[in-house]
Amino acid sequence: MNDPSTRFRHRLLIRSRRGFAVHWLVPLILLFATPMRAGSGLVTDLVPSDPLRPDEAALIGIFKGTVEVVASDVKIDRAKLLDRVLETGAVDFVQYADDDRKTTRITSSPAARTPPGWPREDGKPVMIGVPGESTSWLVRDGDAVVMPVQLDLGQSVSVRYDPPEVRFFAGPDPKPVDMGVRVYDLHGTGDPEHTGSLRVTMVDRGVRRITTPGGVFDVVMYRSDYKGEIGPASVKDTGIIFVSPTHGVVASVNHKKVSAMIFYNKDTRLAFALAAPSGGGPESRSDG
C-alpha cells in the first residue's frame, strides 16, 4: 500500500463504495441511459437518423417551404404502418405540381375488382383514388404492401407491374427488383401498347419528424429509385414517401409518371402533403 498509484486506487474504491460521485463515471452512465421523450411514453433511439441526401432535399423543394423534414429518434413499429396504409377513408391533401398547388381529397376504398395476377394471400386489396390523376391498387403481400396496377386517368391507360411494386415494407430493405412493365390502353384491344422493365431499389431511410400544413408527425421515410426503359421512354428517377403509424401517408414526392414520359414527353412530378383540417389550423401531433 506504499505505492502512490495503489493508494489512489484504494481511496477511489472506498469513495465509490461510500456513495460519493466519481465525475468520470457520469459520461458512462449517460451513455448507457435510454432517454424518454417527455410526455410521450416513447423510448427513443440513441442514434438519430441519417441526414437527408442532397437529392432528397432537392425533391422536398417542390413544397416551396411548406414542408420541413428533420431528424427524429422516435422508434416506430413498421408493422403498424402496413396496417395503417390499407385502412379506408378520405383525407385532404395539398397537391403540388411545378408551381401549382391545390387541395384534393384522396380516397381509399375496398377494391371491388382485382386485376389478374396479383397477390391474394394476405388481406383485402384497396383502391387509392387521386381525382383527375390516378387510381392505384394496393394489397398486402407478406411483410410488404405492393402495387400491382395503376391507372393514369388523364391518358386512359393502365400500367401493370410484374412483380408488383413494393410501396411499403417492414423488416430489412428488399433487394433491388427488376419489374416487367406493361402499358395498356383502357379502350384498346387488350394487348399492351408499350412494354419494358424497371429496376427498383427501395430503402427504409429511417424515422423523421415532418412538418406539413396538416401538422407535425414522426414518420418513416421510404425511398425508391427507378431505372430502366419502357417503350420509347428512358426512366431514371427517385420517389420518397413519409408514413405515420397513426395517420398513414402524410407526404410524398412521387416519381414521374411512366405514362407521362411515354405519351406526352413531360416530366411533371406530383407531390402531396397532408392539408390542414377544414375550419382550423395545422394539427400538432407527435406520432410513433
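That block above? That's the structure.
Residues numbered from 1 in each chain as written. Predicted model: local features only at pLDDT ≥ 70, side-chain atom pairs only at ≥ 80, totals over all residues. Heavy atoms only, no water.

K.L.:
Give a description of the environment of Ser158 that names residues and reports values.
P.N.:
Positionally, Ser158 belongs in strand S7 (residues 157-169). Exposure remark for Ser158: the relative accessible area of 4% places this residue in the buried category. As a C-alpha pair, Ser158 and Asp185 span 27 residues in sequence and 6.6 Å in three-dimensional space. (Helix = DSSP H or I, 4+ residues; strand = E, 2+ residues; numbered from the N terminus. Buried < 20%, exposed > 50% of the residue type's maximum accessible area, 1.4 Å probe, protein only.)

K.L.:
For the packing of aromatic side chains, give the residues involved together with the corresponding values.
P.N.:
Counted according to the given criterion, the structure contains three aromatic pairs. Consider the rings of Phe63 and Tyr96, whose centres lie 4.9 Å apart with planes at 85 degrees: the pair is edge-to-face. You can see Phe63 sitting in the loop between helix H3 (54-60) and strand S1 (68-71) and its partner Tyr96 sitting in strand S2 (residues 89-97), a full 33 residues away along the chain. Its relative accessible area of 1% is what places Phe63 among the buried residues. Put simply, the rings of Phe168, Phe169 and Tyr222 pair up and form one aromatic cluster. In this structure, Arg160 packs its charged tip against the face of Tyr184, placed 4.9 Å from the ring centre. (Phe/Tyr/Trp six-rings, centres within 6.5 Å; stacked < 30°, edge-to-face > 60°. Lys NZ or Arg CZ within 6 Å of the ring centre and 35° of its normal.)

K.L.:
Which residues make up unusual backbone geometry, and what values do they have?
P.N.:
Cis peptide bonds are those with omega within 30 degrees of zero, and the linkage from Asp162 to Pro163 qualifies with 0 degrees. With respect to the element layout, Pro163 can be found in strand S7. Even without being glycine, Ser156 reaches a positive phi, approximately 55 degrees. Looking at where Ser156 falls in the secondary structure, it is placed in the loop between strand S6 (144-152) and S7. Residue Ser156 is classed as partly exposed on the basis of its relative accessible area of 24%.

K.L.:
Describe the side chain of Arg167, with residues and values.
P.N.:
One can find Arg167 in strand S7. Arg167 has contacts with Leu138, Val145, Val146, Met147, Met202, Tyr226 and Ile241, leaving out every residue within four places of it along the chain. (Contact = heavy atoms within 4.5 Å.)

K.L.:
Give me the lowdown on the nonpolar core, citing residues and values where you can.
P.N.:
General note: in soluble globular proteins, nonpolar side chains tend to be found buried as a group. Counting residues in each nonpolar core, the largest one holds 61 residues, and the members touching the most others are Phe63, Leu138, Phe168, Leu198, Ile210, Tyr222 and Phe242. It is strand S10 (residues 215-230) that contributes the most residues to this core, seven residues altogether. Setting aside residues up to four positions removed in sequence, Ile210 forms contacts with Val67, Glu68, Val69, Gly215, Val216, Phe217, Val219, Phe242, Val250 and Ala251. (Core = buried A, V, L, I, M, F, W, Y, C linked by side-chain atoms within 4.5 Å.)

K.L.:
Please provide a residue-by-residue account of the side chain of Ser72, values included.
P.N.:
Residue placement: Ser72 occurs in the loop between S1 and helix H4 (78-85). Among the polar contacts listed, one links the side chain of Ser72 to the side chain of Asp218, at a separation of 3.0 Å. (Polar contact = N/O pair within 3.5 Å; in protein donor to acceptor, adjacent residues only side chain to side chain.)

K.L.:
Give a detailed account of the pattern of salt bridges, specifying residues and quantitative values.
P.N.:
What the rule picks out here adds up to 12 salt bridges. Across the pair Arg269 and Asp237 runs a salt bridge, and its minimum N-O distance is 2.9 Å. Residue Arg269 is found in the loop between helix H5 (258-263) and strand S13 (270-274), and its partner Asp237 is found in strand S11 (residues 233-244); the two are separated by 32 residues along the sequence. Taken individually, Arg269 and Asp237 each receive the classification buried, so the pair is uniform in this respect. Look at the salt bridges and you will find they share partners, linking Asp55, Glu56, Arg205, Arg223 and Asp225 into a network. (Salt bridge = Lys/Arg side-chain N within 4 Å of Asp/Glu carboxyl O.)

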